[in-house]
Structures are given as C-alpha cells and as structure tokens.
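Residue-level structural notes
The primary structure of each chain is shown beneath.
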Amino acid sequence: MRTLLTIALATSLCFEFHQHVGHSEDPIMAETSNFNVPLKTTHFSQIWTDHLWRDGYRVQQNALTGHWRLIDADNYRRAWGNKQQCVDSLNQKCPKTAPSTAKHHVILLHGLMRTCGSMKALETQLAENELPHTIRFSYASTRGSIGDHAAALRELLEDLPSDDTFSFVGHSMGNIVVRHLIGDLQADGDPNQILPRCESMVMLGPPNQGAMIAQRLAPTKVFGWVTGQGGMELGANWKQLAPKLAVPPFPFHIIAGDVTTPVANPLVDGEGDFVVGIEEAKLDGAKSFTTVPVLHSFLMDNADVMEKTIQLLKHEA
C-alpha cells in the first residue's frame with residue numbers, strides 16, 4: 001500500500017509539473033480534471049495567494065509557478081491545474097447556493113513574510129466571542145506587488161454573497177493591502193458594492209506612512225531579494241505606492257506597539273514596536289489610536305490586543 005501511494009504521489013506531481021509547463025492554458029485540458037492525491041498542504045504557504053473562498057474551500061495560485069489548486073477547510077488539496085479546473089471543482093464540491101441569512105465576515109490579513117497561520121489565534125478568539133465567520137486571507141507577501149494582493153482580495157470578496165458584510169483586521173502589510181483595495185475600488189468603480197458593505201477595520205502595527213526600516217535596508221539588495229516587490233514598496237518605493245492607497249471611508253482603529261528594549265533598533269526612528277514607528281502607524285481619520293507594550297511580531301497574538309480588537313469590532317457592528 002505504501003508503495004502504491006508513493007507511485008500515485010509521484011505521478012500526481014509529474015502531471016502537475018507537466019500541466020504547468022506545457023498545457024496550463026490548453027482549453028481541452030480545462031474541460032477535464034487532473035488526477036489528484038488529497039495531500040495535506042502544510043508547507044510553503046507563503047507562496048500561495050487566495051482568489052476565491054467558499055465555506056472554507058480556497059482556490060489559490062502559486063506565485064512561483066503560476067499554477068492553481070483547490071484546498072478544503074482542513075488544508076487538503078482537492079484539485080490542481082489551471083484556474084478554471086479548480087473553479088469547476090469548487091463548484092462541484094461546494095456549489096453556490098442562495099444563503100438563508102447574510103453573514104458578517106471578519107477578514108484577517110497577515111503581514112510581510114508571515115502566513116495566514118499567524119492569525120489563527122485571533123480567529124479562535126473571534127469565534128469564542130460571537131464573531132464566527134472569519135476568513136484568514138492568504139497571500140504571497142514576498143512575491144508580487146501590494147496591488148497584486150489587493151486585486152486577489154477584491155476577487156475573493158466579490159465572489160461572496162452580495163448581502164454579506166465585512167470587517168478587516170490587518171497586521172502590518174496586511175493593512176496596506178486593504179488600503180490599496182479601497183483605493184482601487186474608488187478609482188475603478190465598485191459594481192459589486194463592496195465598500196458600502198465594509199463596516200469597520202482594526203489595524204495592528206500598520207506602516208501607514210511607509211516603513212523606515214524597509215527604506216534603510218533596501219540598499220543592501222538582500223532585503224529586496226527576500227521581501228520582494230511588496231517589501232520594497234513599503235520602503236524605497238513608498239512614494240510610488242502611497243497615491244494608490246486610500247483612507248478607509250468606514251470606521252477604523254489603530255493599535256500600535258510601543259516598547260522599551262535594552263537596545264533600540266537603529267533602523268526605526270523614535271518610539272515604536274521595534275519594526276514600525278508610532279508616527280509611521282498613524283493615519284488621519286482613525287477613530288481611535290491605542291499603543292500597547294508589545295513587539296511588532298507578536299501584536300496579533302497578544303491577549304490584550306486580541307481583547308481590544310474584539311471590543312472594537314463588536315462596538316462598530
């Protein structure tokens with residue numbers, strides 16, 4: 001049995017590679033399903049971006065190879081190939097139905113070089129506090145532009161039922177993705193009426209004015225290689241990115257880290273969370289601005305921050 005499974009896995013991977021390099025856009029191939037071994041997908045999630053979400057199922061694209069996959073709520077791969085093949089499989093396994101009641105989704109967005117797994121603890125706390133409908137948006141933060149990630153988020157939201165409403169909780173770069181999405185909707189039109197259905201947002205450690213640490217590390221070249229276009233946009237290319245970002249036209253709150261460490265980070269100006277300075281986190285129009293003694297990387301996991309986030313979301317509901 002183990003030998004058969006090994007052969008099946010190897011065959012699946014070979015077919016997947018062949019599909020990508022030679023036939024990913026073949027209209028004949030699009031009409032059929034590829035052989036699939038329902039493997040657990042637990043690694044390399046930093047290179048996958050969600051484009052559709054339905055009851056836990058996700059249609060994702062690989063930022064390195066360009067091919068697509070469908071995974072279920074337990075992170076098992078249920079289909080792969082080109083986009084249409086995965087969408088067809090999604091429609092078979094989880095067809096669209098008229099919802100009995102509208103849902104309020106809390107969209108959780110991770111930061112640069114993180115994965116949607118970093119928002120799992122917050123998702124759990126939200127569910128325990130009467131906010132059960134969460135979507136942990138996954139995007140390849142170190143591959144592609146912030147505009148690319150915003151476009152994928154827009155596609156995901158536009159595919160959800162037209163009566164559903166949204167709130168956002170972003171960590172670090174995740175907030176800039178949302179601001180880019182809002183700017184796109186305002187500039188290009190909003191035929192699916194996403195903006196009127198957005199109720200609130202909580203920003204955790206947002207580099208709303210760009211990130212000096214990213215600007216100072218950019219000349220090393222290593223920073224750009226590791227963090228990709230998105231990382232460079234937060235620093236050296238911030239002036240080109242900033243005009244594309246909008247201030248949320250709905251209530252939003254900011255929670256910024258303010259820590260005192262034995263050794264200050266020389267790459268960050270003034271007080272802050274060791275990565276994003278307090279002044280960098282500010283954005284005119286915020287309904288509240290709160291500082292907490294928490295390092296940047298742990299804001300979304302901190303018990304006090306999670307409690308404050310839940311209070312703010314429920315207050316705006």
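Let us look at the structure shown here. Note that this is a predicted model, so its numbers are computed, not measured. (Residues numbered from 1 in each chain as written. Predicted model: local features only at pLDDT ≥ 70, side-chain atom pairs only at ≥ 80, totals over all residues. Heavy atoms only, no water.)

Counting its secondary structure elements, the chain contains 10 helices and 10 strands. Relative to all contacts within the chain whose residues are 6 or more apart in sequence, the contacts with residues 24 or more apart total 72%. Counting only carbon and sulfur atoms, one obtains 56% of the accessible surface of the chain, whose full area is about 15000 Å². (Helix = DSSP H or I, 4+ residues; strand = E, 2+ residues; numbered from the N terminus. Contact = heavy atoms within 4.5 Å. Areas by Shrake-Rupley, 256 points an atom, 1.4 Å probe, with all protein chains shown as cover.)

With that out of the way, let us pick up the sheet that holds strand β2 (residues 57-62). Read across the sheet, four strands follow the order β1-β2-β3-β4 without closing on themselves; strand pairing throughout is antiparallel. Either end of the sheet is taken by a strand with one partner, and the two such strands are β1 (48-54) and β4 (77-81). Taking each pair of neighbouring strands and ignoring which way they run, the sheet shows an average axis angle of 20 degrees. With four bridges joining them, strand β3 (residues 68-71) and β4 adopt antiparallel strand pairing. The residue of β4 that forms the bridge with Trp 68 is Gly 81. Lying over the sheet, helix α2 (residues 83-93) contacts β1, β2, β3 and β4, oriented at roughly 150 degrees with respect to β4. (Pairing = 2+ DSSP bridges. Axes fitted to C-alpha atoms, helices over the stretch in contact; angles between N-to-C directions.)

Relative to the elements of secondary structure, Asp 164 occurs in the loop between α4 (146-159) and β7 (165-171). For Asp 164, which is buried and forms no salt bridge, the nearest opposite charge comes from Arg 197, at a distance of 6.1 Å. Here the side chain of Asp 164 touches Lys 103 through a polar contact of 3.0 Å, landing on its backbone nitrogen. Contact partners of Asp 164, with chain neighbours within four places excluded, come to Ala 102, Lys 103, His 105 and Arg 197. (Buried < 20%, exposed > 50% of the residue type's maximum accessible area, 1.4 Å probe, protein only. Lys, Arg positive; Asp, Glu negative; His and termini not counted. Salt bridge = Lys/Arg side-chain N within 4 Å of Asp/Glu carboxyl O. Polar contact = N/O pair within 3.5 Å; in protein donor to acceptor, adjacent residues only side chain to side chain.)

Next up on the list: the pattern of salt bridges. Counting across every chain of the model gives 13 salt bridges. Notably, a salt bridge pairs Arg 58 with Asp 50, separated by 2.2 Å at the nearest N-O pair. As far as burial versus exposure is concerned, Arg 58 and Asp 50 are alike and both buried. Between Lys 314 and Glu 130 there is a salt bridge, and its shortest N-O distance comes to 3.4 Å.

On to a nonpolar patch on the surface. Taken together, the side chains of Phe 274, Leu 295 and Phe 298 make up a nonpolar region of the molecular surface, amounting to roughly 270 Å² of accessible area. Note on placement: Phe 298 falls in the loop between β10 (288-292) and α10 (303-316). (Patch = residues over 30% accessible without salt bridge, like charges linked within 9 Å, V, L, I, M, F, W, Y side chains within 5 Å.)

The next point concerns the nonpolar core. Grouped together as the largest cluster of nonpolar side chains are 46 residues, with contacts concentrated most on Ile 107, Leu 153, Leu 157 and Phe 168. If one sorts the elements of this core by residue count, helix α5 (residues 173-188) sits on top with seven residues. Look past the residues within four positions of Ile 107 in its chain and what remains in contact with it is Ile 135, Phe 137, Leu 153, Leu 157, Phe 166, Ser 167, Phe 168 and Val 169. In terms of nonpolar packing, the next biggest core, distinct from the first, is built from 19 residues, Leu 108, Val 202, Leu 204 and Val 294 among them. (Core = buried A, V, L, I, M, F, W, Y, C linked by side-chain atoms within 4.5 Å.)

What follows concerns α5. Between its first and last C-alpha atoms α5 spans 22 Å; for 16 residues at 1.5 Å apiece the expected length is 22 Å, and the two agree. With 13 of its 16 residues buried, α5 lies for the most part within the structure. Directly beyond the C-terminal end of α5, a positive phi value near 100 degrees is found at Gly 189. (Expected span 1.5 Å × (residues − 1).)

With that settled, consider the packing of aromatic side chains. For the structure shown, the criterion picks out two aromatic pairs. The lysine or arginine in question, Arg 69, covers the ring of Trp 48, its NZ or CZ lying 3.7 Å from the ring centre. The ring of Phe 289 has Lys 282 lying over it, and the distance from NZ or CZ to the ring centre is 5.9 Å. (Phe/Tyr/Trp six-rings, centres within 6.5 Å; stacked < 30°, edge-to-face > 60°. Lys NZ or Arg CZ within 6 Å of the ring centre and 35° of its normal.)

Let's shift gears to the side chain of Asn 82. Note that Asn 82 resides in the loop between β4 and α2. Among the polar contacts listed, one links the side chain of Asn 82 to the backbone nitrogen of Gln 84, at a separation of 3.2 Å.

Examined against the element boundaries, Phe 274 turns out to sit in the loop between β9 (252-257) and α9 (278-281). With 23 residues separating them in the primary sequence, Phe 274 and Ser 297 have C-alpha atoms 9.0 Å apart. Residues within four places of Phe 274 in sequence aside, it is in contact with Val 259, Thr 261, Val 263, Ala 264, Asn 265, Val 268 and Leu 295.

What follows deals with unusual backbone geometry. The phi angle at Asp 55 is positive, at roughly 50 degrees, despite the residue not being glycine. Assignment of secondary structure puts Asp 55 in the loop between β1 and β2. Phi angles above zero are rare outside glycine, and Gln 193 is one such case at about 55 degrees. Along the chain, the position of Gln 193 falls in the loop between α5 and β8 (198-204). With relative accessibility at 43%, the residue Gln 193 sits in the partly exposed group.

What follows deals with the sheet that holds strand β5 (residues 104-109). Taken in spatial order, the six strands make up an open sheet running β6-β5-β7-β8-β9-β10, and their pairing is parallel. Because the sheet does not close on itself, it has two edges, and the strands there are β6 (134-137) and β10. On average, adjacent strands in this sheet sit at an angle of 15 degrees to one another, irrespective of strand direction. Direction of pairing for β8 relative to β9: parallel, over a ladder of four bridges. Bridging across to β9, Val 202 finds its partner in His 253. Against the sheet, α10 touches β5, β7, β8, β9 and β10, its axis set at about 160 degrees to β8.

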